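# Secondary and tertiary structure notes
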Amino acid sequence: MSNTIEVTETHHEPSPNKGTIINTIFRVCDITGFKVDLRAEKLIRVNAVAAVVSLLLAVVAAILLVFTRYQPVHLLPAEWYYRLVTFHGLNALIFWIIFFEIAGLYFGSTVILNTRFCAPKLGWVGFILMVLGLVMSNYMILIGKADVMLTSYTPLKAHPLYYLGVILFAVGALIGVILFFGNLMIARREKTYGDSLPLVAYGLMTAAIIAVITLATGAIIYIPTFLWSLGLVQNIDPAMYKLIWWGLGHSSQQINVAAMVSIWYMVSFLAVGGTSINERISRTAFVLYILFICLASAHHLLTDPGVSSAWKVWNTSYAMYLAVLASMIHAFAVPSSFESAQRRWGYNKGLFEWLSKAPWGNPAFSSIILAVIGFGFIGGTTGVIFGMEQTNIIVHNTIAIPGHFKGTVVIGTTLTFMGITYYLIPLIFRRKIVGMGWAKWQPWLFFIGIALLSISMIVLGQLGVPRRHWDATFSGGPFTYNFNPAVDFFWTLMMLGGSLAFISVTIWIGIVVTSVFFGPRVNGPQDMQLKISPLAPPAKSHKGFEAPGTLVLTLIFLLVFLALFFLNWKWLAATWNVK
């Protein structure tokens, strides 16, 4: 690569014989100063490309589903609607996100830590298994052999190759996670970082720990289900299946949360030289994720007889709030890191000059800010409200629940991952971003589109529109139901939001593909379109709060949350006719 320094370092490692000499080739990045293991760089690239392909498959299915649920068009027949629900769920919630996270884990455990990759050949084995699993599962879905939805609840049965594909993908991902820990061990042994892991790597370690728990749970349930589909196991108890599967299904989204928040901290550092104003508290919040965030899967089991009422109440109330506390800490820590840095750069006028003078022309920065807003105000508020037993019993099988997903996994995780690519393309692929003008607008279009889609689905769910039904009008059925006339307006708003989001994703994929394969080469710091900020200068002595603007914004969020919480209980009382 041009204008980079290639160095060869020799590591002596013990062996059963005399001692082997391993030559590891690095390049020293002339932009960041980091040593980049070229073998790790290739694995980061291929996993990132596979992630983009998975997202493309997911969004093509998504726009078809939007125009099927939109009753005036009602595009697909019932058979293909359920088929594409399965296809969209697997590619959007599993393949796209985990491929990207594996790329992130490799980046965080080698590049950020200036260390070598522990076992690159095993990394390629993991990648091949993941690609093979993606192809097998998607093929079986599209030929009609796996119309079982993402959850694939028994006694619904798919073709054995569908389950095998999921297992192979999970094994490949687990290999990637294990290699991440191997890289951390090398970095620690060779003392490539200070006394403690950088906060970004610490957050990614949290995601990796949750991933081990999640993937192990998936193996526990998918392996016997695979044997059942082959006829080697006579029966899979549906209640047992559902209980264990949600240890995979919901917990996998908590990997996303930890990875997403880690990237928020990283972009704060890259864009304005910001760091957490209390790193110890931020690390504690990540630990709370490991201990408590997986418990949120309890709300999928509220009508199941396999677990006690006490367990259901505890996990959908008190235990859940400990995970919410972690997200609240990050929700304050990330914006305050931006504000503190901006104030140290001199933007001190009033409460919000630091925000008005922020680098809004940087699409990575705007993506992160919009992701924080969407994740908090849409995904976070509805997550707490819908996660409670009383409300979840009512809304769980309405379209409000996937509306909540759009606020968390799509505005939060997907927009965050989109944003960080604007740094990764020049740093890892060594290409300039083609279409920077489009890139500056893309996060805003995506945010507006998904926000309209998400809010519309949440309102439709509150008005009783079902979650999984192909035809919300129940035409031709023995019973009919007349929805509130407002439903028609929100169906249209949902369609418009989904269309805008689809256009935005198409723009992003076009920018990424064009840049990676055809973009001009990055020959040095002068070619960086998004400047990497130096660390903000030390804070001067001051009185009062270090981040008063963030404190005000946090109070606004809490007021909005309290208002929604009150309206929710008012709606609940009206629904149950409590007088």
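Heads up: the structure comes first, above all this text.
A brief structural summary. (Residues numbered from 1 in each chain as written. Predicted model: local features only at pLDDT ≥ 70, side-chain atom pairs only at ≥ 80, totals over all residues. Heavy atoms only, no water.)

This brings us to the nonpolar core. Formed by 178 residues in total, the largest nonpolar core has its most connected members in Tyr 162, Tyr 222, Trp 264, Ile 420, Tyr 423, Trp 491 and Trp 508. Examining the composition of this core, we find that 19 residues originate from one element, helix α2 (residues 78-111), more than from any other. Once you skip the residues sitting within four places of it in the chain, Trp 491 turns out to touch Arg 69, Tyr 70, Ile 399, Leu 460, Val 465 and Ala 472. (Core = buried A, V, L, I, M, F, W, Y, C linked by side-chain atoms within 4.5 Å. Buried < 20%, exposed > 50% of the residue type's maximum accessible area, 1.4 Å probe, protein only. Helix = DSSP H or I, 4+ residues; strand = E, 2+ residues; numbered from the N terminus. Contact = heavy atoms within 4.5 Å.)

One full turn of an α-helix is made of 3.6 residues, so residues set three or four places apart face in the same direction. Taking 1.5 Å per residue, 34 residues should reach 50 Å; α2 reaches 48 Å between its end C-alpha atoms and fits that length. With 28 of 34 residues buried, α2 is to be regarded as a mostly interior element. (Expected span 1.5 Å × (residues − 1).)

Tallying each qualifying case throughout the model produces 10 salt bridges. With a shortest N-O distance of 2.5 Å, Arg 27 and Glu 41 are connected by a salt bridge. With Arg 27 in strand β2 (residues 20-28) and Glu 41 in helix α1 (residues 38-69), the pair connects residues that are 14 residues apart, well separated along the chain. Neither residue differs from the other here; Arg 27 and Glu 41 are each classed as buried. (Salt bridge = Lys/Arg side-chain N within 4 Å of Asp/Glu carboxyl O.)

Of note, Glu 101 is situated in helix α2. No salt bridge is formed by the buried Glu 101; its nearest oppositely charged neighbour, Lys 406, is found at 17 Å. In this structure Glu 101 touches Ile 255, Asn 256, Ala 259 and Phe 417, once residues within four positions along its chain are discounted. (Lys, Arg positive; Asp, Glu negative; His and termini not counted.)

A word on the side chain of Arg 83. Secondary-structure assignment places Arg 83 in helix α2. Overall, Arg 83 belongs to the buried group, its relative accessible area being 5%. Not counting the four nearest positions on each side in its chain, Arg 83 is found in contact with Ile 141, Leu 142, Gly 144 and Asp 147.

Taken N-terminus to C-terminus, the directions of helix α5 (residues 199-229) and helix α7 (residues 251-272) make an angle of 175 degrees; their axes are 8 Å apart at the nearest point. As judged from the angle between their axes, α5 and α7 are roughly antiparallel. On the side of α5, the interface is formed by Leu 199, Val 200, Gly 203, Leu 204, Thr 206, Ala 207, Ile 210, Ala 211 and Thr 214, while α7 contributes Ser 251, Ser 252, Gln 254, Ile 255, Ala 258, Ala 259, Ser 262, Tyr 265 and Met 266. Its residues placed into classes, the contact of α5 with α7 shows 11 nonpolar, seven polar and no charged. (Axes fitted to C-alpha atoms, helices over the stretch in contact; angles between N-to-C directions. Parallel < 35°, antiparallel > 145°, perpendicular 65-115°, else oblique. Nonpolar A, V, L, I, M, F, W, Y, C, P; charged D, E, K, R; others polar.)

Here we come to helix α6 (residues 238-249). Counted at 1.5 Å a residue, the expected span for α6 with its 12 residues is 16 Å, and the 15 Å between its end C-alpha atoms agrees. For α6, the set of buried residues is Tyr 241, Lys 242, Trp 245, Trp 246, Gly 247, Leu 248 and Gly 249. Packed against the buried residues of α6 are α5 and α7. With a side-chain oxygen positioned 3.3 Å from the backbone nitrogen of Ala 239, the residue opening α6 is Asp 237. (Polar contact = N/O pair within 3.5 Å; in protein donor to acceptor, adjacent residues only side chain to side chain.)

A few words on a nonpolar patch on the surface. A grouping of Leu 351, Phe 352, Ile 373, Phe 377, Leu 553, Ile 556, Val 560, Leu 564, Phe 566 and Leu 567 is seen on the molecular surface, where their side chains present a nonpolar patch of about 800 Å² in accessible area. Of all elements in the fold, only α12 (363-387) and α17 (548-575) reach the threshold of two or more residues within the nonpolar patch. Top element by residues in the nonpolar patch is α17. It accounts for six residues. Structurally, the position occupied by Phe 566 is in helix α17. (Patch = residues over 30% accessible without salt bridge, like charges linked within 9 Å, V, L, I, M, F, W, Y side chains within 5 Å. Areas by Shrake-Rupley, 256 points an atom, 1.4 Å probe, with all protein chains shown as cover.)

A separate point is the packing of α2 against α7. Running from N to C, α2 and α7 point in directions that differ by 45 degrees, and their axes come no closer than 11 Å. What the angle tells us is that α2 and α7 run oblique. For α2 against α7, the interelement crossing comes out left-handed. Residues Leu 93, Ile 94, Ile 97, Glu 101 and Phe 107 of α2 lie in contact with α7, whose contacting residues are Ser 252, Gln 253, Ile 255, Asn 256, Ala 259 and Met 266. Its residues placed into classes, the contact of α2 with α7 shows seven nonpolar, three polar and one charged. (Left-handed = near helix turned anticlockwise from the far one by under 90°.)

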